[in-house]
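Survey of secondary and tertiary structure
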Amino acid sequence: MSDNKDPRITRAHIIHVARAKQIALNLLAVAGGRPYIEARLSRLPFESDASWSGHASIGKSETRFGTTFGGGEGRMDRAFLINYAGRIISKINQFVFSTEVQRLNAEPAFLADTTRTGTPINVFMARVSEIITAARWCWISVDRDSLSRDAQGQPVRRSVAAKEASGDRVFWSVWAPDEVVDWSFDRSGKLRWVITEQTVYENEDFAQPPVSRLVRTIWQRGGGVRLWLDPADKNKVGHEESFSTTLDDVGFIPVGNPSADAWWFDDVEAVQASLLNLDSVHGENLFQSVFPQLILPDGMLQTLMDALKISGEGVMEMVRGLNYPIFEPIEGQGITRYLTPSASDLQAIPNEISRRRRELFEIVGLAMEQHPDSRQSVSAESKAWDHLDPEAVLKERAQLLEECEKKAVELSHRLDNTFAVYQPVYGKSFNVRDAAADMSTLLELGKLDLPLAARKEIQRAGVDVLDRLTGLPDDRKKLIVDEIAASDTVPSTLNATLSTLHVPQNG
């Protein structure tokens, strides 16, 4: 049976085979939530079913909004995720897009809806950057509706107004690496073809039940074919449909370099998985251990049953507190009491969580922001070296996004000559330094007896730091800088300088 499989629905690039599983985990880590928890929370050796998944018969439950809560939740249900990976992605994008991207002559309608599904260009490119951070590379496709053809199969010429009225226009899509399963380049570096795989949810006909169908699309120069897999047997093609395009190239742009090698974000995901599991185990320890545990003499149960004429379960409901009590034999102390274990030993896990969290942010250059207590112990020289790496990475990212957007614009114009050509310009300068540390340095410099020109430079630098801290409007910042330039005297200390900027010295 396997010998009869259509190779178009089974083939996969060697890089895709090597990286698809880890890339899927990386993207799950960025998204966070229950899917990532279910993928990465590990069951402890010899952990009982009751502890791991819970039982509906344990405790009480209630139903709200059609969902049953409480009662039998296990550790899997109680687990939560602090999404460090998602925060790292957001922080990198925050820096990359901190300066507005210039797109002179671009069509406003396209910028407002790049995907034809309501996604603006900045959101679209931020998603591209997000996938690159998590997976090393992604793909951008440039497409439009198939051209209308006459009875002889020739394209029908339409006016621009008619084309716009029909909704036919260029749109872009971003594809994660695990969605592009195979590809081929020729000797000149141009794509021969690309194969994508995605699940399409079909619910157009309300009289029919909805169905999710797997579709493979083979994108070639001048067109391609879509292979709709049989829902009952995904090893068979249910039907296929061809499509054509006026583009003499494959409408895909690789962003980044596909590679089977490990990627630095793999380590971020691994650390996040370990933190997820440590948090879960620590929570379970607290859940199970850090509460007063009632201890009862072993004979008390029968004594109360006989005296009150109630069942053992009724006695338990009467005497137990926060959890099931421990019964000890009569030969024991014979005293009803609470056993309260010390929580000091439980500090080992949260201490380890803190250590791994620090290491995680050291990996991505965000440690200065995360650990203000350590700033004073780090030399200025080491701080400068620490910032070089993030600044270089951010500049490289901005350059990559700018280049791929230029390629997408050029490809769009070739696909539709009415597409407005524009040149995207991304910011290449990033200030990832610690504003508080910079202000402290300026304060020290301000104590020196410097000439007028030097003190003015300190003032200007102070305005820049103030701008980073509070976000000065451009007009007010210009007014302050102009006042500095026009002044003939400058206070000899930065504290006095700050007073001229109308900034309270106590914060």
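Since the structure is predicted, the reported quantities are computational estimates derived from the model, not experimental observations. Throughout this description, residue numbers start from 1 for each chain and increase along the sequence as written. For this predicted model, a pLDDT threshold of at least 70 governs which residues receive local features, and a threshold of 80 or more governs which side-chain atom pairs are given and counted, while totals over whole chains, interfaces and linings are taken from all residues. For the side-chain quantities, the full set of heavy atoms in the structure was used; hydrogens and water were omitted.

Val128, Trp139, Trp172 and Val194 are the most contacted members of the largest nonpolar core, which has 71 residues in total. Not counting residues within four places of it along the chain, the set of residues in contact with Val194 comprises Trp139, Val180, Asp182, Trp183, Thr217, Ile218, Trp219, Val250 and Phe252. With eight residues, the next largest nonpolar core counts Ile9, Val181, Ile218 and Leu229 among its residues. Only buried Ala, Val, Leu, Ile, Met, Phe, Trp, Tyr and Cys residues count toward a nonpolar core, and they belong to the same one when joined by side-chain atoms within 4.5 Å. Residue exposure (1.4 Å probe, protein chains only): buried if accessible area is under 20% of the type maximum, exposed if over 50%, otherwise partly exposed. Any two residues having at least one pair of non-hydrogen atoms within 4.5 Å are treated as being in contact.

For the rest of this paragraph, the subject is the environment of Val255. In this text, helices come from DSSP runs of H or I with a minimum length of four residues, and strands from runs of E with a minimum of two, each type numbered from the N-terminal end. Relative to the elements of secondary structure, Val255 occurs in strand β11 (residues 252-255). Accessibility expressed as a relative area gives 0% for Val255, which makes it buried. Expressed as a C-alpha distance, the spacing of Val255 and Val174, which sit 81 residues apart in the sequence, is 9.8 Å. Not counting residues within four places of it along the chain, the set of residues in contact with Val255 comprises Val128, Ile132, Arg136, Trp137, Cys138, Ile140, Leu400 and Cys404.

Bringing the sheet that holds strand β5 (residues 171-175) into the picture now. Strand pairing follows a simple DSSP-based rule, namely that at least 2 bridges must link the two strands. With antiparallel pairing, the three strands of this open sheet are ordered in space as β5-β4-β11. With partners counted over all chains shown, the strands left at the sheet margins are β5 and β11, one partner each. Averaged over all pairs of adjacent strands, the angle between strand axes in this sheet comes to 20°, irrespective of strand direction. As defined by bridge partners, strand β4 (residues 138-143) adjoins β11 across four bridges and the pair is classed as antiparallel. Across the sheet, the residue bridging to Ile140 is Ile253, located in β11. Here the axes come from fitting lines to C-alpha atoms, over the contacting stretch only for helices, and the angles between their N-to-C directions go from 0 to 180 degrees. Packing against the sheet, helix α7 (residues 121-135) makes contact with β4, β5 and β11, and its axis sits at approximately 20° to β5.

Once that is clear, we can look at the sheet that holds strand β10 (residues 233-244). Taken in spatial order, the five strands of this open sheet run β6-β7-β8-β9-β10, and their pairing is antiparallel. Each edge of the open sheet is held by one strand with a lone partner, namely β6 (180-185) and β10. Looking at each pair of strands side by side, their axes are set apart by 20° on average, direction ignored. Bridge analysis of β6 against strand β7 (residues 191-202) gives five bridges, and the strand direction is antiparallel.

To continue, consider helix α1 (residues 14-31). Every helix has an expected span of 1.5 Å times one less than the residues it contains. A rise of 1.5 Å per residue sets the reference length of α1, with its 18 residues, at 26 Å; its end C-alpha atoms lie 26 Å apart and thus fit the reference within 8%. The bend reported for a residue corresponds to the angle between axes fitted to the seven residues ending at that residue and the seven starting there. At Ala20, α1 shows its maximal bend, which comes to roughly 50°. Listed as buried for α1 are Ile15, His16, Arg19, Ile23, Leu25, Asn26, Leu27, Ala29 and Val30. Phi for Gly32, located one or two positions after α1, is positive at around 70°.

A word on the side chain of Gln272. For Gln272, the position within the fold is in helix α9 (residues 264-289). In this structure Gln272 comes out as buried when scored by relative accessible area, which is 0%. Ignoring sequence-local partners within four residues, the contact set of Gln272 consists of Ala29, Tyr36, Leu81, Ile82, Asn83, Tyr84 and Ala85.

Let us now look at the pairing of β10. One face of the sheet, then the other: side chains in a regular strand alternate in exactly this way. Of the pairings in the sheet, the one linking strand β9 (residues 223-230) to β10 comprises eight bridges and is antiparallel in character. Among the inter-strand pairings, Gly223 is bridged to a residue of β10, identified as Ser244. Between the antiparallel neighbours β9 and β10 lie two residues.

What follows covers the packing of aromatic side chains. Whether two aromatic rings pair depends on their centres lying within 6.5 Å, for rings of Phe, Tyr and Trp, where Trp uses its six-membered ring; planes under 30 degrees apart make the pair stacked, over 60 edge-to-face, and the rest tilted. One pass over the structure, following the stated rule, counts twelve aromatic pairs. Aromatic side chains Trp175 and Phe252 sit 5.8 Å apart centroid to centroid with 40° between the ring planes, which places their arrangement in the tilted category. With a gap of 77 residues between them, Trp175 in strand β5 and Phe252 in strand β11 connect regions that are remote in the sequence. We classify Trp175 as buried; its relative accessible area is 7%.

The next subject is unusual backbone geometry. A positive phi is found at Asn105, a non-glycine position, where the angle reads about 75°. Position of Asn105 among the secondary structure elements: in the loop between β3 (102-104) and α6 (108-112). Among the residues examined, Asn105 registers a relative accessible area of 57% and is labelled exposed. Phi at Arg116 takes a positive value of approximately 65°, unusual for a residue other than glycine.

In this fold, Ser259 is placed in the loop between β11 and α9. For Ser259, a relative accessible area of 16% gives the class buried. Leaving out residues up to four positions away in the same chain, Ser259 has contacts with Ile15, Arg19, Arg136 and Trp137.

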